[in-house]
Amino acid sequence: MVGLDVARCVALLGMVATHVAEDYGPDGRLAVGQWLPGGRASALFAVLAGVSLALITGGRTPVRGRERAARSAGLAVRALLVAVVGLVLGEPDSGLAVILTYYGLLFLCGLAFVGLRAPAALALAAVWLVLAPVVTQVLRPELPARGFESPTFAQLADPARLLGELAVTGYYPVLPWLAYLLVGLGIGRMDLSRRAVQLGLAAVGAVLAAAAVGVSRLLLARPGVADRLLEELGRSGGPEELRRATEPSMYGGTPADGSWDWLLVVAPHSSTPFDLAHTAGTALVVIGTCLLVVGLVGPFGERVLAIVFGAGTMTLTLYSLHVLLRTETLWPEDDGTFVPHALVLLAIGAVFVAAGRRGPVERVVGAAADRARDLVRR
């Protein structure tokens, strides 16, 4: 569990970096603090959500019958409350695309698959990874244009449009992102305590991430492909210029009425098959590596890591705090403040873990989820 908490902490810090780190370096290129976690940190969060879903519903052996119904009820309450927290955080002017409302819907959708074992979940993830982006490419032109603001309570007045944005056109579209959850569900059904499994996750993830980028670049290098896509962006050049144009972020998806060749790109938050494969692969690398490291350091080292990366045990609380800190009222700072933000979150996490306490938001959400689970169980 400590290894997974370390991975959650890495995901949290990656999300923070994309929000507050410098955008570009002195050479005019995207800064490492943006390039490295861009699209990968949020994908890691989604894969870890799938791992949590698997662990809560039986680990290697999925629960059945009334027990599955009870745990699913608890998870449904948890998902709804997380979505509500996301709506609350969408109200202040943080300038961020808050992920939590999408995350809640993603969890709800994942409940349909908790009966799957590892092979079935991973096979379905592979199919979903390829087909879901194609479906979204068909649906996006038929739906209202995506918004760049976080979902808020005001959007509940138009539930159909809100659902369309959460599922298809938004910054973290649930329809293609369900592939991440299924990947996490599959690996959560494995024996994650085994060294061979941990090594396998890191190795397979590295191969998958590298292969996705390599094949994408080969396909985009075909004559005229990159030029055609750049023309739609009002730019010119070749494959290298296309990479620069899409390097920062594509805000959840490729152009709604663009060429089908957009499905070949690997770009942050593009939700293409190659982007989903690449970011799922990097998530496996992080998870496998964190599990390996924690397994190698011994009991004392594990306790040290548990405290140092304690923020990973209360990501809901600390992510919410981070969003609030991005408002002018609480932290009127410009970009480039990653280190202070990270230190604040790490310090709070360390104090809570050292004291044996849960995060306050986790405690409230967990209590409500436990109550729902127990009611169904009885």
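What comes next concerns the included structure. (Residues numbered from 1 in each chain as written. Predicted model: local features only at pLDDT ≥ 70, side-chain atom pairs only at ≥ 80, totals over all residues. Heavy atoms only, no water.)

1. Describing the overall build of the chain
Under the convention used in this document: To qualify as a helix, a DSSP run of H or I must reach at least 4 residues; to qualify as a strand, a run of E must reach at least 2; elements of each kind are numbered from the N terminus. Atoms considered for the radius of gyration are the C-alpha atoms alone. The globule rule reads 2.2 Å times the number of residues to the power 0.38. The buried label goes to any residue with under 20% of its type's maximum accessible area, the exposed label to any with over 50%, and the partly exposed label to all in between, with areas taken from a 1.4 Å probe on protein chains only. Any pair of residues with heavy atoms lying within 4.5 Å of one another is described as a contacting pair. Calculation of accessible area relied on Shrake-Rupley with a 1.4 Å probe; when residues are assessed, cover is drawn exclusively from the protein chains displayed. For the purpose of counting charges, residues Lys and Arg are taken to be positive, whereas Asp and Glu are taken to be negative. His and the chain ends are not included. By convention, the point assigned to a charge is CZ for Arg, NZ for Lys, CD for Glu and CG for Asp.
Across its full length, the chain holds 16 helices and zero strands. Computed over the C-alpha atoms, the radius of gyration of the chain is 20 Å, within 12% of the 21 Å expected from 2.2 N^0.38 for a compact globule of 378 residues. Judged by the C-alpha coordinates and their principal axes, the chain covers about 60 × 50 × 45 Å. Here the chain holds 378 residues, and the buried ones make up 52% of them. In the chain, the share of contacts with a sequence separation of at least 24, taken over all contacts with a separation of at least 6, comes to 74%. Of the accessible surface of the chain, which amounts to about 16,500 Å², a share of 65% is contributed by carbon and sulfur atoms. If you average the places of the 31 positive and of the 29 negative side-chain charges in the chain, the two averages end up 15 Å apart.

2. Overview of helix H15 (residues 338-354)
In plain terms, the rule: Multiply 1.5 Å by the residue count of a helix minus one, and that product is the helix's expected span. This arc corresponds to the set of directions leading from the helix axis out to the C-beta atoms.
In this model H15 runs 24 Å from its N-terminal to its C-terminal C-alpha over 17 residues, within 8% of the 24 Å that 1.5 Å per residue would give. Within H15, the full set of buried residues consists of His-341, Ala-342, Leu-345, Gly-349, Ala-350 and Val-353. Down the axis of H15, the sector holding all buried residues measures 155°, keeping them to one side. Exposed residues lying more than 90 degrees from the buried face of H15 are Val-339, Leu-343 and Val-351. Trailing H15 by a residue or two, Gly-356 shows a phi angle of about 70°, which is positive.

3. Overview of the packing of helix H3 (residues 40-56) against helix H8 (residues 174-188)
The line we're drawing: For helices, the fitted axis covers only the stretch in contact; all axes are lines through C-alpha atoms, and the angles between them, taken along N-to-C directions, range from 0 to 180 degrees. Should an angle fall under 35 degrees it is taken as roughly parallel, and over 145 as roughly antiparallel, whereas 65 to 115 is taken as roughly perpendicular and any remaining angle as oblique. Each crossing gets its handedness from the near helix: less than a right angle anticlockwise from the far helix is left-handed, clockwise is right-handed. Side-chain classes follow a simple rule in which Ala, Val, Leu, Ile, Met, Phe, Trp, Tyr, Cys and Pro form the nonpolar group, Asp, Glu, Lys and Arg form the charged group, and the remainder, Gly included, forms the polar group.
Closest axis-to-axis distance for the H3/H8 pair is 6 Å, and the angle between their directions is 45°. Between H3 and H8, the crossing angle belongs to the class labelled oblique. Classified by chirality, the crossing of H8 by H3 is right-handed. Residues Ser-42, Ala-43, Ala-46, Val-47, Ala-49, Gly-50, Val-51, Leu-53, Ala-54 and Leu-55 of H3 lie in contact with H8, whose contacting residues are Trp-177, Tyr-180, Leu-181, Val-183, Gly-184, Leu-185, Ile-187 and Gly-188. The residue makeup of the contact of H3 with H8, split by class, is 14 nonpolar, four polar and no charged.

4. Quick notes on a negative patch on the surface
Going by this rule: Nonpolar side chains (Val, Leu, Ile, Met, Phe, Trp, Tyr) are joined into patches within 5 Å and like charges within 9 Å, using only residues with over 30% relative accessible area and no salt bridge. For salt bridges, the criterion is a side-chain nitrogen of Lys or Arg within 4 Å of an Asp or Glu carboxyl oxygen.
Together, Asp-227, Glu-231, Glu-232 and Asp-257 make up a region of like negative charge exposed at the surface. Within the element layout of this structure, Glu-231 appears in helix H10 (residues 225-232).

5. Topic: the pattern of salt bridges
On inspection of all chains with the given rule, the structure shows 12 salt bridges. The closest approach of N and O atoms between Glu-241 and Arg-235, which form a salt bridge, is 2.6 Å. On the accessibility criterion, Arg-235 (38% relative accessible area) is partly exposed. One salt-bridge network, in which partners are shared between bridges, spans Glu-67, Arg-71, Asp-370, Arg-373, Asp-374 and Arg-377.

6. Focus on the nonpolar core
For clarity, the threshold we go by: Put simply, buried Ala, Val, Leu, Ile, Met, Phe, Trp, Tyr and Cys residues joined by side-chain atoms within 4.5 Å make one nonpolar core.
Membership of the largest hydrophobic core comes to 82 residues, with the highest contact counts inside it found for Leu-53, Leu-100, Tyr-172, Tyr-180, Leu-201, Ile-287 and Tyr-319. For Leu-100, the residues in contact, after removing those within four places along its chain, are Val-82, Ala-83, Val-85, Gly-86, Leu-89, Leu-316, Tyr-319 and Ser-320. Residues Leu-220, Ala-226, Met-250 and Leu-264 belong to the second largest nonpolar core, which totals 13 residues.

7. What to know about the packing of aromatic side chains
Convention followed: Ring pairs are drawn from Phe, Tyr and Trp, using the six-membered ring of Trp, whenever the two centres fall within 6.5 Å, and their geometry is named by plane angle: stacked under 30 degrees, edge-to-face over 60, tilted for the rest.
Going through the model one piece at a time under the given rule, you end up with seven aromatic pairs. Aromatic side chains Tyr-171 and Tyr-251 sit 6.0 Å apart centroid to centroid with 70° between the ring planes, which places their arrangement in the edge-to-face category. Remark: Tyr-251 occurs in the loop between helix H11 (239-246) and helix H12 (273-296) and Tyr-171 occurs in the loop between helix H7 (159-169) and H8; sequence separation between them is 80 residues. You can call Tyr-251 partly exposed: its relative accessible area is 41%. Linked through ring pairs, Tyr-102, Tyr-171, Tyr-172, Trp-177, Tyr-180 and Tyr-251 together constitute an aromatic cluster.

8. A word on H12
Taking 1.5 Å as the rise per residue, H12 with 24 residues should run 34 Å; its terminal C-alpha atoms sit 35 Å apart, in good agreement. Taken across its 24 residues, H12 has 18 buried, putting it largely inside the fold. Downstream of H12 by a residue or two, Gly-298 has a phi angle that is positive, lying close to 80°.

9. Notes on the environment of Gly-147
Relative to the helices and strands, Gly-147 is located in the loop between helix H6 (118-139) and H7. Residues Gly-147 and Tyr-171 lie 24 residues apart in sequence; the distance between their C-alpha atoms is 8.3 Å.

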